Amino acid sequence: MAVRIDGKALAAQVKEQVRREVETLSRQPGLAVILVGDNPASQVYVRGKESDCAECGIRSFSHRLPAQTSQKELLELVEQLNQDAAVDGILCQLPLPEGLNEDQVIHAIAPDKDVDCFHPFNVGQMSIGAPTFLPCTPAGVMEMLRAYEIPVAGKRCVVLGRSNIVGKPMAMLLTQADGTVTVCHSRTPDLAALTREADILVAAVGRVGLVTADMVRPGAVVIDVAMNRNADGKLCGDVVFDEVEAKASYITPVPGGVGPMTRAMLMRNILTAARNHGA
């Protein structure tokens with residue numbers, strides 16, 4: 001039976017460390033959060049991030065805009081926040097309503113305030129191993145592996161999914177930790193043959209029931225990044241948890257696994273930004 005990696009408990013430790021370090025700064029760090037429209041899931045995520053900020057002693061500046069907001073208005077707000085010395089990080093909650101260009105918004109955020117690590121400059125820095133920030137979800141996964149003393153060097157790592165937010169940066173960080181990485185996607189033939197070779201399997205596709213026990217090598221470490229809802233409306237990941245838990249050595253639950261760590265690593269990035277801004 002696998003050890004469950006407790007992302008909630010580990011996230012609490014990370015946030016407490018951030019809180020203590022924030023107290024040593026010359027001023028209070030600040031995060032500006034932009035939410036356009038009334039997407040219910042986005043509202044939940046934003047409230048969670050604002051709660052984390054309060055817990056860590058970070059100011060949060062909320063900018064809730066109607067779905068009818070124009071691209072010009074949104075970009076003007078981003079530029080105002082770029083120039084605001086009280087704002088160390090800018091987070092624009094995605095997805096944006098239809099008609100708004102997400103890439104333009106991401107590119108408009110000043111790289112030194114891009115605490116999500118989505119800007120091409122920061123992605124490039126990460127790719128050469130010289131990051132200012134690390135993308136929150138992949139960084140959270142790496143922190144979990146470190147905390148549970150799970151070695152990456154020399155291990156066969158398989159990442160399911162090639163998104164810019166999780167799959168690609170996850171592969172980069174595992175490679176930089178000396179893992180041997182295979183990235184799988186919708187065009188990958190004989191997926192199960194590859195996943196069965198994995199010492200560390202990271203699932204980040206967003207498909208309920210994708211990873212079954214027969215796809216997992218005995219003793220593998222299984223990290224489930226996805227956040228889905230099954231037919232009953234219950235939160236779940238990509239992994240058939242009960243089946244795979246019996247076969248893996250370590251596994252992350254959904255919820256309570258990678259999700260809390262993603263938010264905790266955002267707090268760490270805001271702290272880094274504030275220090276870089278002279279706080």
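Quick note: structure is the one above.
Moving on, we get to the side chain of Asp238. Take Asp238: it is sitting in the loop between strand E10 (235-236) and helix H9 (241-245). Look past the residues within four positions of Asp238 in its chain and what remains in contact with it is Ala203, Ala204, Val205, Gly206, Arg207, Val208, Gly209, Leu210, Val211, Asp224, Ala226 and Asn228.

A few words on the sheet that holds strand E4 (residues 89-92). Taking strand neighbours across the sheet as the criterion, the three strands line up as E3-E2-E4 in an open arrangement whose pairing is parallel. Among the strands making up the open sheet, the edge pair consists of strand E3 (59-65) and E4. The mean angle between the axes of side-by-side strands here comes to 15 degrees, regardless of whether they run parallel or antiparallel. One ladder, built from seven bridges, connects strand E2 (residues 30-36) with E3; its direction is parallel. Bridge pairing in E3 links Val33 to Ser62. Strand contacts of helix H3 (residues 71-83): E2, E3 and E4, with the helix running at about 175 degrees to E2, the strand carrying the most contacts.

This part takes up empty space enclosed by the protein. Following the criterion strictly, the structure yields one cavity of 30 Å³ or more and no others. Together, Ile90, Leu91, Cys92, Leu94, Val105, Ile106, Ile109, Asp114, Asp116 and Phe118 line the largest cavity. Of all the secondary-structure elements, those providing two or more residues to the lining of the largest cavity are E4 and helix H4 (102-108). It is E4 that contributes the most residues to the lining of the largest cavity, three residues altogether. Residue composition of the lining of the largest cavity, by class: eight nonpolar, no polar and two charged.

We now examine the layout of surface pockets. By volume, the largest pocket amounts to about 1,200 Å³. Counting residues per element, the ones that place at least two in the lining of the largest pocket are helix H2 (40-56), E4, helix H6 (136-147), strand E9 (228-229) and helix H10 (258-276). In the lining of the largest pocket, the residues fall into 24 nonpolar, twelve polar and five charged. Taken as a whole, the second largest pocket holds about 290 Å³ of empty space. Asp103, Ile106, Phe118, Asn164 and Ile165 are the residues nearest the centre of the second largest pocket, which is lined by 15 residues in total. Listed by contribution, the elements that provide at least two residues to the lining of the second largest pocket are H4, helix H5 (120-127) and helix H7 (167-176). With four residues, H4 is the single largest residue contributor to the lining of the second largest pocket. Taken together, the residues of the lining of the second largest pocket sort by class into ten nonpolar, two polar and three charged.

This part covers the pairing of strand E8 (residues 221-224). Burial of E8 is two-sided: the residues Val221 and Ile223 facing one way and the residues Val222 and Asp224 facing the other way are all buried. As judged from the two bridges shared by E8 and strand E11 (residues 250-251), these two strands associate in the parallel manner. When the bridges of E11 are listed, Val222 appears paired with Ile251.

A separate point is the state of the cysteines. Summed over the entire model, instances satisfying the criterion amount to zero disulfides. Cysteine Cys56 shares no disulfide, and the gap to the nearest cysteine sulfur, in Cys53, comes to 7.2 Å.

Turning our eyes to something else, we now look at H3. Here H3 contains 13 residues, and its C-alpha end-to-end distance of 19 Å stays within 8% of the 18 Å for a straight helix at 1.5 Å per residue. Turning to H3, its buried residues number three or more, namely Gln71, Leu74, Leu77, Val78, Leu81 and Asn82. Angularly, the buried residues of H3 cover 145 degrees about the axis, an arc narrow enough to put them on a single face. The exposed residues of H3 that point more than 90 degrees off its buried face are Lys72, Gln80 and Gln83. The elements touched by buried residues of H3 are E2, E3, E4 and H4.

Cut-offs used in this document
Think of each chain on its own: its residues are numbered from 1, step by step along the sequence as written. Local features in a predicted model are, by the rule used here, given only for residues with pLDDT of at least 70; side-chain atom pairs are given and counted only at 80 or more, and totals for whole chains, interfaces and linings are based on all residues. Processing note: side-chain calculations cover all non-hydrogen atoms of the structure and skip hydrogens and water entirely. Strands here are runs of E lasting at least two residues and helices are runs of H or I lasting at least four, both read from the DSSP assignment and numbered beginning at the N terminus. The contact definition used throughout considers only heavy atoms, calling two residues in contact when any of these lie within 4.5 Å. Whether two strands pair comes down to DSSP finding at least two bridges between them. Whenever a helix is involved, its axis is fitted only over the stretch in contact; in every case the axis is a line through C-alpha atoms, and angles between N-to-C directions fall within 0 to 180 degrees. Grid spacing is 1 Å over the protein atoms alone, the probe is 1.4 Å, and a cavity is where that probe fits but cannot get out, while a pocket is an open set with protein on both sides within 12 Å along at least five of seven lines and lining residues have an atom within 4 Å of a point. Grid points are joined across faces, edges and corners, and a volume is the space filled by probe spheres set on the points. Three classes are used, and their members are as follows: Ala, Val, Leu, Ile, Met, Phe, Trp, Tyr, Cys and Pro are nonpolar, Asp, Glu, Lys and Arg are charged, and the others, Gly among them, are polar. Partly exposed describes any residue whose relative accessible area lies between the buried limit of under 20% and the exposed limit of over 50%, with all areas from a 1.4 Å probe on protein chains only and scaled to the type maximum. Only a pair of cysteine sulfur atoms within 2.5 Å qualifies as a disulfide here. Given the number of residues in a helix, its expected span is that number minus one, multiplied by 1.5 Å. It is the directions from the helix axis to the C-beta atoms that the arc portrays.

Read these as spatial facts, not as claims about activity.
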